[in-house]
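# Descriptive structure summary
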Amino acid sequence: MTHLLSKTCAALLFAGLAAHAAAAGTVVVDTYPVGEDPFGNASMLNADQHMAVAFDLASAATIQSILTSIDGLGGVTVGIQARSGSVPVGASWLYSTHLTDPVANSLLSPTGWNLAAGSYWLVARADGDFGGQWQSGTDTPSAAWAYTAGGAWQTVTPDFTGAPATRITVTSAVPEPATWGLMFVGGLLLAATARRKASQQG
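Just so we're clear, the structure is a prediction, and the values are computed from it rather than from any experiment.

Scanning the protein from terminus to terminus reveals two helices and 15 strands. Per-residue burial over the protein gives 41% buried out of 202 residues. In the protein, the proportion of contacts linking residues at least 24 apart, taken out of those at least 6 apart, comes to 85%. Surface exposure of the protein reaches about 10,200 Å², of which carbon and sulfur atoms provide 59%.

This is the structure:
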């Protein structure tokens, strides 16, 4: 009986750990084509032009990696902005990093980019000296995106051909309450079983 109880406790604990592990490495947006070979220009990123891809988080998370097909010569700031409409508003960064002479399909692995549940933009703002592109990823994009023309943001619907190739992967910032519950109950029962064994042996 004690052996069965120990197995049950361990199973609960490992189920909680497994649920937490399964939450790691979730892709929240992916507009890359099969084979990851972007095929053209979604839009040029020249002379202070900007582009943005929308994504949502159902729960708090940490950005694990960002893959884009941005390439060119000069500087580009890539980062996260809050989203409340169909196009980015203002230039307030939640997090950002500046890239010099980016190469397409280079993986960005930021540290400490923690986000609450909500709606966001992944934005690329080209410096005045930048000449390059954010290559298209797919004819059937799964995310809305926007770009600037003449200094003003323009929205682009998901059925528009040639969305920028983007893959954002996140990890859960904290385990879900149910996961904590499984881990707590499993650990508590394991401790109680160990205490009972120790008292019986004593």
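In total, this model carries three aromatic pairs according to the counting rule given. Between Tyr 95 and Trp 113, the ring centres sit 5.7 Å apart and the planes meet at 15 degrees, which makes this aromatic pair stacked. In this pair, Tyr 95 is assigned in strand β7 (residues 95–100) and Trp 113 in the loop between β8 (107–108) and β9 (114–115), connecting sequence segments 18 residues apart. On the basis of relative accessibility, which here comes to 6%, the residue Trp 113 falls in the buried class. Ring centres 5.9 Å apart and planes at 40 degrees place the aromatic pair Trp 145 and Tyr 147 in the tilted group.

For the rest of this paragraph, the subject is the environment of Ala 54. Inspection of the secondary structure puts Ala 54 in strand β3 (residues 50–57). Put simply, Ala 54 and Ser 119 are 65 residues apart on the chain and 7.5 Å apart in space, counted from C-alpha to C-alpha.

The strand order across the open sheet built from six strands is β7-β6-β10-β3-β12-β13, with neighbouring strands paired in antiparallel fashion. Edge strands, defined here as strands with exactly one partner in the open sheet, are β7 and β13 (152–156). Across this sheet, the average inter-strand angle for adjacent strands is 20 degrees, counted without regard to direction. Here β3 pairs with strand β10 (residues 118–126) via eight bridges, running antiparallel. What sits directly across from Met 51, in β10, is Ala 124.

Cut-off values and rules
- Residues numbered from 1 in each chain as written.
- Predicted model: local features only at pLDDT ≥ 70, side-chain atom pairs only at ≥ 80, totals over all residues.
- Heavy atoms only, no water.
- Helix = DSSP H or I, 4+ residues; strand = E, 2+ residues; numbered from the N terminus.
- Buried < 20%, exposed > 50% of the residue type's maximum accessible area, 1.4 Å probe, protein only.
- Contact = heavy atoms within 4.5 Å.
- Areas by Shrake-Rupley, 256 points an atom, 1.4 Å probe, with all protein chains shown as cover.
- Phe/Tyr/Trp six-rings, centres within 6.5 Å; stacked < 30°, edge-to-face > 60°.
- Pairing = 2+ DSSP bridges.
- Axes fitted to C-alpha atoms, helices over the stretch in contact; angles between N-to-C directions.

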